[in-house]
Amino acid sequence: MAKIKVLSVTSEIFPLIKTGGLADVAGALPLALGRLDVEMRTLVPCYPAIREKLKKAVLEHEFADFYGGKARLLSATFNDLPLLLLEAPHLYDRPGNPYVMADGQNWPDNAARFAALARAGASIGQGLLAGFKPDIVHAHDWQAGLVPAFLHYDARPAPKTVMTVHNLAFQGQFGPEWLARIGLPPQAWHTDGVEYYGTIGYLKAGLRFADKITTVSPTYAVEIRSPAAGMGLDGLINARAGDLVGIINGIDTRVWDPGSDDALESTFDSDHFGARWANRKALQERMGLDQDPDALLCGIVTRLSWQKGLDLLLEAIPALMRLGGQLVLLGAGDANLESGFRAAAATYPGRIACEFGYDERLAHQIQAGSDSILVPSRFEPCGLTQLCALRYGAVPIVARVGGLADTVIDANEMALANGVATGIQFFPVAREPLIEALTRAARLFAVPDDWQLMQTNGMNTDVSWSGPARRYADLYRSLLGRAA
């Protein structure tokens, strides 16, 4: 059977450029699909950070005037990832974050920057490149949301399309004055088109016109059909419910491998679990925490935002301290939350330590050295932090929402009795249930055999892309009318 050819369109891809979990998915999924007779190439903007890392690129196509300037399509391979790069200096040759300026404000021309990415993806889907004509174009998040819309309004033979929602909270909304400037026809300005509460909705466009819609966990696929989690799009999502599929994410188990991770003080696996202890001691030392073997050492690796429930954790810190716990935080984001955690670290020296920003090696060290990883999110489409925690033997304490509910087996009485628990869930997402979860964790931590069983259960859980990639491959085949 001929390989299925898929073009993935994304605004970031690990390890070339990353601001969040989208990059991890975009970087790992093509490699997993390659073992399943799916040839996936990824279209991504050629930001300076990407260009600096590429040794060689091949010119595939030139645009004389592309959204205000000259542009080129280049092909390259990086870490076995086949890439197509949209090189448009007037759109992407900017320092730092792909989406925002140094002051945290969005780039004022983001409407054009990501319409250009989508337009290039749609054109490749229509056969722009002689050497690669995809059967399917797979668009990720709002930045690629216009791909299905361009293909629809072009009214030309087109590939099938898949739209993946990584986080419905980020929708890409721009004023109606952009409609003609980004290349959409007047008839697109309609509630059955791209119009969304008086704006052009990039994500709305993808949800409206894609052949299939996926989210990154089954529970999140259910949640976004409700007004509470639908972010204003629940009506459209319910109308497309027959085309909606939830597929849980995996993680790249080559990158996240405690048995070979060079960021760790001591590598380990579930058969050599004692070696993990050295990472705990090293983490306490690096972060200036007391060398307390009896403290429940909790780690957090996250973006600091209301979504992540970190205001609730700040409220629960006195309770965690009363339980004899410690806390390590790595993250950045909301200034008020950063200030709150700085104050907490000053109030409890030796018990709480924070590093604001992102450090990939430290993220690995926190996963390997913490007894538990906290993920108290108000909503979480999938979450990768808890998957890394399972892989590294850190017991996840999570809110029972989205992908957290799908991936962590709560240590309730039945799960403990049958020896299958991998973590602790709490709901509703509020201060008191979080404190109760921390209290349960402290009680379980005081029984080393029970705690270590949860740790090794987690380490023996398959969190790789193997299963999710098969489900994506089956989805592609169903779109093309091929047998699984």
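Data block above holds the structure.
**Q** Residues and numbers for the layout of surface pockets, please.
**A** Within this model, the second largest pocket holds a volume of roughly 290 Å³. Looking at the second largest pocket, it is lined by 13 residues, and the ones nearest its centre are Trp277, Asp371, Phe445, Trp451 and Gln455. Mapped onto the lining of the second largest pocket, the elements with two or more residues apiece are α9 (277-287) and α17 (448-459). Here the lining of the second largest pocket gets four residues from one element, more than from any other, and that element is α17. Here the lining of the second largest pocket is composed, by residue class, of six nonpolar, three polar and four charged.

**Q** Please provide a residue-by-residue account of the sheet that holds strand β8 (residues 173-174), values included.
**A** Pairing within the open sheet is antiparallel, and its three strands lie in the order β8-β10-β9. Strands at the two margins of the open sheet, each flanked by one partner only, are β8 and β9 (195-196). Across the sheet, helix α6 (residues 202-209) touches β8, β9 and β10 (199-201), and the angle it forms with β10 is around 50 degrees.

**Q** Let's hear about the state of the cysteines: which residues, and what values?
**A** A full pass over the atoms with the stated rule returns zero disulfides. Left unpaired, cysteine 298 is separated from the closest cysteine sulfur, that of cysteine 354, by 13 Å. Residue classification places cysteine 298 among the buried residues on the basis of a relative accessible area of 0%. The exposure class of cysteine 354 is partly exposed, given its relative accessible area of 21%.

**Q** So, the environment of leucine 297: which residues are in play, and what are the values?
**A** Inspection of the secondary structure assignment puts leucine 297 in strand β13 (residues 297-304). In sequence terms leucine 297 and isoleucine 352 are 55 residues apart; their C-alpha atoms lie 9.5 Å from each other. Not counting residues within four places of it along the chain, the set of residues in contact with leucine 297 comprises Arg280, Leu283, Gln284, Leu289, Gln326, Leu327, Val328, Gly369, Ser370, Asp371 and Ser372.

Cut-off values and rules
- Residues numbered from 1 in each chain as written.
- Predicted model: local features only at pLDDT ≥ 70, side-chain atom pairs only at ≥ 80, totals over all residues.
- Heavy atoms only, no water.
- 1 Å grid on protein atoms, 1.4 Å probe; cavity = no way out; pocket = protein on both sides within 12 Å on 5 of 7 lines; lining within 4 Å.
- Points joined across faces, edges and corners; volume = space filled by probe spheres on them.
- Helix = DSSP H or I, 4+ residues; strand = E, 2+ residues; numbered from the N terminus.
- Nonpolar A, V, L, I, M, F, W, Y, C, P; charged D, E, K, R; others polar.
- Pairing = 2+ DSSP bridges.
- Contact = heavy atoms within 4.5 Å.
- Axes fitted to C-alpha atoms, helices over the stretch in contact; angles between N-to-C directions.
- Disulfide = S-S within 2.5 Å.
- Buried < 20%, exposed > 50% of the residue type's maximum accessible area, 1.4 Å probe, protein only.

Remember that the coordinates give geometry; whether it matters functionally is a separate question.
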